Amino acid sequence: HVIVCKAHKICVLPGDGIGPEIMSVATKALTAAGQKEGEEFEYMYELIGGAAIDATGSPLPDKTLATAKASDAVLLAAIGGYKWDSYPNEIRPEKGLLKIRSELNAFANLRPAIVPKQEVFSSCQKNRRTSDVIFIEWLVERIARVAFEAARKRNKRLCSVEKSNVLEVSQLWKEVVTKLGKDYPDVELTHMYVDNAAMQLVRNPKYFDVVVTSNLFGDILSDEASMLAGSLGMLPSASISGDGPGIYEPVHGSAPDIAGQDIANPMAMMLSAAMMCRYDLDCPKVSDRLEAAVSQVLDEGLRTGDIFKEGYPNTRKVKCSELSEHLLRIVSA
Ligand code: ATP
Ligand code: MG
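Calculation rules
- Residues numbered from 1 in each chain as written.
- Chains lettered and ligands numbered in written order.
- Predicted model: local features only at pLDDT ≥ 70, side-chain atom pairs only at ≥ 80, totals over all residues.
- Helix = DSSP H or I, 4+ residues; strand = E, 2+ residues; numbered from the N terminus.
- Rg over C-alpha atoms; globule rule 2.2 N^0.38 Å.
- Buried ≥ 20, exposed ≤ 12 C-beta atoms within 10 Å, placed from the backbone.
- Near = placed C-beta within 6 Å.
- Nonpolar A, V, L, I, M, F, W, Y, C, P; charged D, E, K, R; others polar.
- Core = buried A, V, L, I, M, F, W, Y, C linked by C-beta atoms within 7 Å.
- Contact = placed C-beta atoms within 7 Å.
- Axes fitted to C-alpha atoms, helices over the stretch in contact; angles between N-to-C directions.
- Parallel < 35°, antiparallel > 145°, perpendicular 65-115°, else oblique.
- Left-handed = near helix turned anticlockwise from the far one by under 90°.
- Pairing = 2+ DSSP bridges.
- Right-handed = clockwise from strand over helix to strand, strands pointing away.

## As for the overall build of the protein chain
In terms of helices and strands, the protein chain carries 11 helices and 12 strands. In summary, the protein chain has a C-alpha radius of gyration of 20 Å against a globular reference of 20 Å for 333 residues, a match within 12%. Over its C-alpha atoms, taken along the principal directions, the protein chain stretches across nearly 55 × 50 × 50 Å. Put simply, the protein chain has 333 residues, and 48% of those count as buried.

## Examining the site of ligand 1
Near ligand 1 you find 14 residues, and of these Gly-233, His-252, Gly-253, Ala-255 and Asn-265 are the closest. A breakdown of the residues in the shell around ligand 1 according to their chemical character gives 6 nonpolar, 6 polar and 2 charged.

## Points about the nonpolar core
Counting 97 residues, the largest nonpolar core has Ala-26, Ala-29, Leu-75, Tyr-248, Met-270, Ala-273 and Leu-290 as its most contacted members. A per-element tally of this core places helix H9 (residues 267-279) first, with 10 residues. In this structure Tyr-248 touches Ala-73, Val-74, Leu-75, Leu-76, Ala-238, Ser-272, Ala-273, Met-275 and Met-276, once residues within four positions along its chain are discounted.

## Here we look at the packing of helix H1 (residues 19-37) against helix H10 (residues 284-299)
Interhelical geometry of H1 versus H10 gives an angle of 125° and a closest axis separation of 9 Å. By the angle between their axes, H1 is oblique relative to H10. In the crossing of H1 with H10, the sense of the turn from one axis to the other is right-handed. Seen from H1, the contacting residues are Ala-29, Ala-33, Gly-34, Lys-36 and Glu-37; seen from H10, they are Lys-285, Val-286, Arg-289, Leu-290 and Ala-293. Looking at the contact of H1 with H10, its residues break down into 5 nonpolar, 1 polar and 4 charged.

## Regarding the packing of H9 against H10
Close contact between H9 and H10 brings their axes to 7 Å; oriented N to C, the two are set at 160°. The angle between H9 and H10 falls in the class roughly antiparallel. Here H9 and H10 pass one another in a crossing that is left-handed. Where H9 approaches H10, its residues Met-267, Met-270, Leu-271, Ala-273, Ala-274, Cys-277 and Arg-278 are matched on the opposing element by Pro-284, Val-286, Ser-287, Leu-290, Glu-291 and Val-294. For the contact of H9 with H10, a count of residues per class yields 10 nonpolar, 1 polar and 2 charged.

## Describing the environment of Gly-49
As for its placement among the helices and strands, Gly-49 is situated in the loop between strand S2 (41-45) and helix H2 (50-56). For Gly-49, a count of 31 C-beta atoms within 10 Å translates into the label buried. Along the primary structure Gly-49 and Glu-188 are separated by 139 residues, whereas in three dimensions their C-alpha atoms are 41 Å apart. Every residue in contact with Gly-49, bar those within four places of it in the chain, is listed here: Gly-15, Asp-16, Pro-59, Ile-79, Gly-80, Pro-93 and Gly-96.

## Section: the pairing of strand S7 (residues 188-193)
Here strand S6 (residues 157-162) pairs with S7 via 6 bridges, running parallel. Bridge pairing in S7 links Leu-158 to Leu-189. In this fold, S6 hands off to helix H6 (residues 168-181), which returns the chain to S7; that crossover is right-handed.

## Concerning unusual backbone geometry
Of note, the phi angle at Lys-156 is positive, near 60°, even though the residue is not glycine. The backbone of Asp-262 shows a phi angle near 60°, a positive value even though the residue is not glycine. Note that Asp-262 resides in the loop between strand S10 (247-250) and H9. Its 16 C-beta neighbours within 10 Å are what place Asp-262 among the partly exposed residues.

This is the structure we're talking about:
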């Protein structure tokens, strides 16, 4: 017998700030998990953001885009930093991110928030390019469809968040989502105004399963939800188009204030790699293994500074490198 094992081609974009530190943890963990589960990953490293501006003058060099398009999935850490803050608009690090998202047509942004004890909140945003003020029917339908499909794969509950009692544009949002709901009779659809949702998220997070909302509301609610998870350092995200490679990246930014100090939390990055395995690469066992390792280091009481609370029993503050050693040990077990 000849077993042909095709490696998954990953376009790896470490970016700036803490990006390279956390990316190295994620790729090591991915390789180790793959070895246990019979999956191989091939990494194609490219530049994006500030690092790319310094090397080539562009935040998204053509070579990076070509590699991304030829890949099975894009794994991105974070971009930006103080150094480039004063650069002219066209050569700002964020431009690289916006451009790669639009070039790959990654219009849906999935943000699961894993609350201790596996509670999950997920928000699908519209692409940043489309304004929050104007909703176009097919665009709303497109994002809502991603959300209904996500709900179907989970607990069949979807909450649509808008502000239709005050914002006229929200009425179209609600109409379109409600209409599409007829195609998903198995999914329980509820509607909530965004201010109430912000409150309920704190009061009773377990009420939510999948949440669909527009860009601005989604940005605010997912930052709020990050506090349920403990820290921005715990939250992965996926930007997907449905076909073609998706972009998998932590919700947090490049955290230049802590870059190079070995104190960053690598778990959002690792969980982003896990999402990539689940959504794009069809290797759920690798994904399970990565997620289980995160769960287990938390159970073992290991905490990076962002999730460490003084006086909390059976926990210990560790550096990024020590946490990573433990993650790798568990992934390889
Ligand atoms: P962006 O505009 O790219 O979203 P931001 O301005 O929101 O960036 P972040 O880079 O996300 O900022 O950082 C916000 C704060 O959270 C910073 O104090 C940073 O140090 C902290 N932080 C972000 N990510 C992590 C992480 N992985 N581990 C520890 N702390 C983090
Ligand atoms: Mg931010």
